[in-house]
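What follows is the residue order along each chain.
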Amino acid sequence: MRYMATYDMMETMRNANQWLGATALSFASYPIFSMTPNPAFQWISAWGEVTERTFDRMVKKPDWGIRTFTCDDGRDHLVSIDTIVEKPFGNLIQFAVPGRKPMKRRVLLIAPMSGHYATLLRSTVKSLLVHCEVFITDWHNARDIPVSAGKFDVEDYTLYLTEFMREMGPDTHVIAVCQPVPLALAATALLAEDEPEAQPRSLTLIGGPVDPDANPTEVTDFGRRVTMGQLGETMTQRVGFKYPGVGRMVYPGLLQLSSFISMNSEKHAKAFSEQIARVAKGEGGDYDRHNRFYDEYLSVMDMPAEFYLSTVERIFKGLEIANNEFTINGRRVDIGKITTVAVKTVEGGQDDISAPGQCIAALDLLTGLPDSKKASHVEPDAGHYGIFAGRSWRNNIRPLVLDFIDRNSGPDAPAPKDEVPKAANADAAMKVTAAQDAQAKDEAPKAANADAAMKVTAAQDAQGKGKYRSKSGAKSKFNGKTAGRSGR
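Here's what I pulled together on the structure shown here. (Residues numbered from 1 in each chain as written. Predicted model: local features only at pLDDT ≥ 70, side-chain atom pairs only at ≥ 80, totals over all residues. Heavy atoms only, no water.)

Okay, the overall build of the chain next. Each helix and strand counted, the chain has 17 helices and 15 strands in total. The burial tally for the chain puts 57% of its 488 residues in the buried class. Look at the contacts in the chain between residues 6 or more apart in sequence, and 80% of them connect residues 24 or more apart. By element, 53% of the accessible surface of the chain is carried by carbon and sulfur atoms, the whole surface being about 20200 Å². (Helix = DSSP H or I, 4+ residues; strand = E, 2+ residues; numbered from the N terminus. Buried < 20%, exposed > 50% of the residue type's maximum accessible area, 1.4 Å probe, protein only. Contact = heavy atoms within 4.5 Å. Areas by Shrake-Rupley, 256 points an atom, 1.4 Å probe, with all protein chains shown as cover.)

If you want it as structure tokens, here you go:
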């Protein structure tokens, strides 16, 4: 009961703050106060509006917001979000565009289970929907999953990925973003050994911790100072009585969010005080820059405790993927068994979450794959968020990924060159979906960019190990590895 009471206490505090905000907004908005103009009431009303919205969205799953798509015929087509595979802990969904001719590229986006919903990749989906059939893993909030559904750890996650890849078929191109990168590599290796005919055509790994020790960061350093027992005692709780998953052990999203906020409290305090001032002046809006950013940033989900703890213990502390020692049900998964799937790694030169060197380590594990099927790219000025959803992704990385997909689509699928924009012309190509890409632009304030990057690796906040820092002048194993892969 101690853990359950703690979970309910956090939910009680969130609910109380939401109520206080709604009460202040209602009180200060009474028409009678308009008879005696006083700026204090405008400020109280603005504070209430911002506070109520802030605490309300913490327990709501954001909407995808992808409703129409402008096709080559110049008409808007409705976008249908269809469930292809339904599972207790996550679904495989498709963004179908009825009335549009089938696209040659079939892309499976593997979203991170790191404390935020798959909607974090909304802008990535929009950018790929232009010329691809897009599918994505949509992970569920653990608080809504009954205990009777059983456990869910890194092994179960990997088996989910193999089932999704098998359902998609061999003409699939997989793009894994951040946290799932090492497990996507393991899932592909498992298929390569057991069902070669079900393997995807290509695998693009973006900013993931294949080898956290290749270039440790401040985030991964924290794991050296705590034991697994301490993590289990302080970071996991039982879901309270309000949700269907009552009694399930989870890493609470609210606990994770509070740690995020505390790490950059001054920046967040400034952002919210400025938003209150804008609302008081009548300059705020439901879809202004602040709300577009924080609607996603503050929407958190609980992770199964066993998934969180096994990620820390096996991927970061034990380095099972980095040492090619990962096992499923006691059976070793040999990454060297991948011999036909083309693999590309993408890293950001300014990534302070999965620093350069952590992801490219995957190429050294692919001992059975010829160099002609390996590729890597480091975007010099991009941070973690930018390599999959920012300007760097739209202008530089996305065209390179599409070109890599086309070059590895097989002899029976000629590259649709007319659909692949060159890096210099990416913006022109994206104009056909200008209305849909409004949220994909760099809408977050620069001061909050680091925070946006942090949110996609929530499961890594207390993870990893290492003795180096990824700041300027830091020691790193990455330098030599980059030089060795730069020609690929």
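What follows is about the nonpolar core. Leu108, Ile110, Trp139, Tyr157, Leu185 and Leu205 are the most contacted members of the largest nonpolar core, which has 79 residues in total. Ranked by residue count, the leading element in this core is helix α5 (residues 181-194), at 10 residues. The contacts of leucine 185, once residues within four sequence positions are left out, are Leu203, Leu205, Ile335, Ile338, Ala362, Leu365 and Leu366. Phe95, Leu121, Phe388 and Leu402 belong to the second-largest nonpolar core, a separate cluster that totals 33 residues. (Core = buried A, V, L, I, M, F, W, Y, C linked by side-chain atoms within 4.5 Å.)

Locating valine 50 in the fold gives a position in helix α2 (residues 39-56). Considered as a pair, valine 50 and isoleucine 276 are 226 residues apart in the sequence and their alpha carbons are 6.5 Å apart. For valine 50, the contacting residues outside a window of four places in its chain are Phe272, Gln275, Ile276 and Val279.

Right, let's talk about helix α3 (residues 122-129) for a bit. A large share of α3 lies buried, amounting to 8 of its 8 residues. Of the residues making up α3, those classed as buried are Arg122, Ser123, Thr124, Val125, Lys126, Ser127, Leu128 and Leu129.

This paragraph deals with the sheet that holds strand β11 (residues 303-304). Taken together, 3 strands build an open sheet; the order of strands is β9-β10-β11 and the sheet is antiparallel. Each edge of the open sheet carries a strand with a single partner, namely β9 (237-238) and β11. (Pairing = 2+ DSSP bridges.)

As a further point, take the pairing of strand β3 (residues 80-86). Across 6 bridges, β3 lies against strand β4 (residues 90-96) in antiparallel orientation. Along β4, the bridge assignment pairs serine 80 with alanine 96.

Let us now look at empty space enclosed by the protein. Going through the model one piece at a time under the given rule, you end up with 1 cavity of 30 Å³ or more. What the largest cavity holds in volume is close to 80 Å³. Along its surface, the largest cavity is lined by Tyr7, Met10, Glu11, Met58, Val59, Arg143, Pro252, Gly253, Leu254, Val300 and Asp302. Every element with two or more residues in the lining of the largest cavity is listed here: α1 (2-28) and α8 (253-263). Taken together, the residues of the lining of the largest cavity break down into 7 nonpolar, 1 polar and 3 charged. (1 Å grid on protein atoms, 1.4 Å probe; cavity = no way out; pocket = protein on both sides within 12 Å on 5 of 7 lines; lining within 4 Å. Points joined across faces, edges and corners; volume = space filled by probe spheres on them. Nonpolar A, V, L, I, M, F, W, Y, C, P; charged D, E, K, R; others polar.)

This part is about the pairing of strand β5 (residues 105-110). With 5 of 6 residues buried, β5 is to be regarded as a mostly interior element. Relative to strand β6 (residues 132-139), β5 runs parallel, the two sharing 5 bridges. Residue pairing in the sheet places leucine 109 in a bridge with isoleucine 136 of β6. This β-α-β element, β5 to α3 to β6, shows right-handed connectivity. With 5 bridges joining them, β5 and strand β7 (residues 172-177) adopt parallel strand pairing. Among the inter-strand pairings, leucine 109 is bridged to a residue of β7, identified as isoleucine 175. (Right-handed = clockwise from strand over helix to strand, strands pointing away.)

Per the stated rule, a full pass over the model turns up 25 salt bridges. A salt bridge links arginine 105 to aspartate 406, with the shortest nitrogen-to-oxygen separation between them at 2.8 Å. Here the residue arginine 105 occupies a position in strand β5, and aspartate 406 occupies one in helix α14 (residues 391-407), the gap between them amounting to 301 residues. Here arginine 105 and aspartate 406 have matching classes, each one buried. With a closest N to O distance of 3.3 Å, lysine 151 and aspartate 153 form a salt bridge. With a relative accessible area of 13%, aspartate 153 lands in the buried category. When salt bridges that share partners are traced, they join Arg53, Arg57, Asp286 and Asp295 into one network. (Salt bridge = Lys/Arg side-chain N within 4 Å of Asp/Glu carboxyl O.)

Shape is all these values report; function is a separate question.
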